[in-house]
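What follows is the residue order along each chain.
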Amino acid sequence: MRILLRSLLLTIVFLAGCKNERKSEKLQISNRGLITKTAMVVSAREEASKVGVEILKKGGNAFDAMMATEMALAVTYPYAGNLGGGGFLVYRLADGSKGALDYREKAPIAASKEMYLDENGNVIKGKSTVGSLAVGVPGTIAGIFKAHERFGLLDVKTILQPVMELANKGFVVTEQQASRFKNYDSIFKVVNEKEIPFNKSIKKGDTINNIALANTLERIANAGRDEFYKGETGKKLVNFLQDHGSIITLEDLAKYEAVWRQPITFQYDDLTITSMSPPSSGGICLNQIMTMVEPFDLSGYDHNSLKFIQVLVEAEKRAYADRSYYLGDPDFIDIPIETLTSNVYLENRISDFSFDRATHVDSLSHGQILGYESEETTHYSIVDPFGNAIAVTTTLNGGYGSKLYLEELGFFLNNEMDDFSSKPGEPNSYGLIGAEANSIAPEKRMLSSMTPTIIEKDGDFYMSVGTPGGSTIITSVLQAILNVHEFGFTMQQAVDAPRFHHQWRPDEIRMEPNSFNEQLIMHLEAKGYKINQTRSPVIGKVDGILVLEDGRLEGGADRRGDDTAVGF
């Protein structure tokens, strides 16, 4: 009875807190997400989740479903789903072993530290974000094949067949997609010097097929990974890029490899949290923040209360300050991970925090040790019938990446070069400030905020979670975990709850508009916090899977997008 009453109260609180949200958003927040017994896929599109589940029903595992879901997102969610981008995988096998795969894009061999600066040393606006010079060497195809090679059960043709059928048959355009096609139409025409298939004439309810992408996938299904990096597809890709002024060559494609990494693993209360290691900043920052906030009585504070927000914001400031200075590609720099995540170091970092006043960011630099990022990412979580679980975040960086669309092959190219520090100390397009550690170098991987995360409780698999959201990814994943663990939310409630974010600079708390009461905001401002309710109308689109007490799975598909959980 107490559990039922608590769930009812939480639902009432949520609905009350969201009653003033914009009419364009979905206001109905469910108490529970989809519950299934055996397996589940949660992704940004229902079609992609269904394709992933179809592969699981055919006897495939999470890694087979990863390939299918990722490619289905490239078909139905070109905003972030991709062949021309990259991403990260964090996994936990049924036997409890864990690992991570880095298929982040790389700088071309011909890249240079000052390639986006003018003769006066100033950043040339737009050069790292739009067009061919913004494109990093893609890693997505290498990533899904690397994971499949080690763990997959089904053959590639079987896995990609339903994706090819989806591309040929087409998908139905949602309201959000139609709005995006209209908003990006002008820049698509400028960058591509013509109208592309995704344009302002497309309306909600229209069906879009992509024969070119289906043909590309068929070649890849037949010839394998090297078709993209050394075959006909790769040659067409390089010819297209170079015709548009790119410095990417066939050698860049041929040399690209996805890399297995040791993930970041740490304890929080009775949870074991495993997240992505560099070149993602997600795992280290999540580790830092959660270690700094653990001594506080978070469950004793009201959810999204003054004290709760203060504690998280102050920990976030300090973690993001460290991020800007220390983090980058571990193949190029030495990152003091052990010190950055140590209890002694983090206790010292948070020791000057006071509930009485905000800590001004000018007084915060990176921590003393002895001796940037896209909002248009996408995440999916998968649990298979064999007990394997994965969390995958993938991206083109900005919405539709560089805006370059390779019509002959049927996909967009990334603009990940903007995630480097074009000039140390200068913010990128998402306001993230980088240092020398994340400067541009040939074949280097750019720093990321992507935070695919697997959580265990008392040694058993408990949760898979992640989100898009650029610099807000880390804090969105953080809040989803705390919502479940500290406040007893369901998975659906945890991903639907209003969110806030701080990233050190600029010195402001971003809050989702019309989601926090004015009295709370006044109290925060009185303590010296600056509030911005316009910068991020949506903070993250978290997708997660939670294991319930009876062993069933609950999917949380964020209300902010077209995200959907499918399972059996």
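Residues numbered from 1 in each chain as written. Predicted model: local features only at pLDDT ≥ 70, side-chain atom pairs only at ≥ 80, totals over all residues. Heavy atoms only, no water.

Naming follows an unreviewed UniProt entry, where the protein chain appears as Glutathione hydrolase proenzyme of Winogradskyella alexanderae. Taken verbatim from the UniProt record of the protein chain, the Subunit (unreviewed entry) comment is "This enzyme consists of two polypeptide chains, which are synthesized in precursor form from a single polypeptide." The record held by UniProt for the protein chain lists under Pathway (unreviewed entry) the comment "Sulfur metabolism; glutathione metabolism." (UniProt positions renumbered as here; feature names shortened; annotations may be inferred.)

Trainee: Got a minute to help me understand the overall build of the protein chain in this structure?
Mentor: Secondary structure summary: the protein chain contains 17 helices and 21 strands in total. A globule of 568 residues ought to have a C-alpha radius of gyration of about 24 Å, and the protein chain, at 22 Å, matches this closely. Overall, the C-alpha framework of the protein chain stretches about 60 × 60 × 45 Å when taken along its three principal axes. Counting every position in the protein chain, which comprises 568 residues, the buried fraction comes to 65%. Accessible surface, the protein chain as shown: approximately 20600 Å² in total, 49% of it carbon and sulfur. Charge centroids of the protein chain, computed over 58 positive and 74 negative side chains, lie 3 Å from each other. (Helix = DSSP H or I, 4+ residues; strand = E, 2+ residues; numbered from the N terminus. Rg over C-alpha atoms; globule rule 2.2 N^0.38 Å. Buried < 20%, exposed > 50% of the residue type's maximum accessible area, 1.4 Å probe, protein only. Areas by Shrake-Rupley, 256 points an atom, 1.4 Å probe, with all protein chains shown as cover. Lys, Arg positive; Asp, Glu negative; His and termini not counted. Charge placed at Lys NZ, Arg CZ, Asp CG, Glu CD.)

Trainee: Looking at this structure, how should I read the sheet that holds strand S14 (residues 453-457)?
Mentor: Two orientations exist for strands paired in a sheet by backbone hydrogen bonds: parallel and antiparallel. Taken in spatial order, the seven strands line up as S1-S20-S19-S15-S14-S9-S8 in an open sheet, and their pairing is antiparallel. Only two strands of the sheet have a single partner each, and these edge strands are strand S1 (35-36) and strand S8 (264-268). Examined bridge by bridge, S8 and strand S9 (residues 271-275) share five bridges and lie antiparallel to one another. Bridging across to S9, Phe266 finds its partner in Ile273. Here helix H11 (residues 282-293) sits on the sheet and contacts S8, S9 and S14; the angle it forms with S8, its principal contact strand, is near 15°. Sheet strands in contact with helix H15 (residues 473-485) are S8, S9, S14, strand S15 (460-466) and strand S19 (543-547), and its direction is about 140° off that of S15. (Pairing = 2+ DSSP bridges. Contact = heavy atoms within 4.5 Å. Axes fitted to C-alpha atoms, helices over the stretch in contact; angles between N-to-C directions.)

Trainee: Mind showing me how you'd approach the packing of H11 against helix H12 (residues 306-326) here?
Mentor: Each pair of packed helices can be summarised by the angle the axes make with each other and by the distance between the axes. With their axes 9 Å apart at the nearest point, H11 and H12 run at an angle of 145° to one another. Seen along the crossing, H11 lies across H12 with a hand that is right-handed. Here Cys285, Gln288, Ile289, Met292 and Val293 of H11 lie close against H12, whose contacting residues are Val311, Leu312, Ala315, Glu316, Arg318, Ala319, Asp322 and Arg323. Residue composition of the contact of H11 with H12, by class: eight nonpolar, one polar and four charged. (Left-handed = near helix turned anticlockwise from the far one by under 90°. Nonpolar A, V, L, I, M, F, W, Y, C, P; charged D, E, K, R; others polar.)

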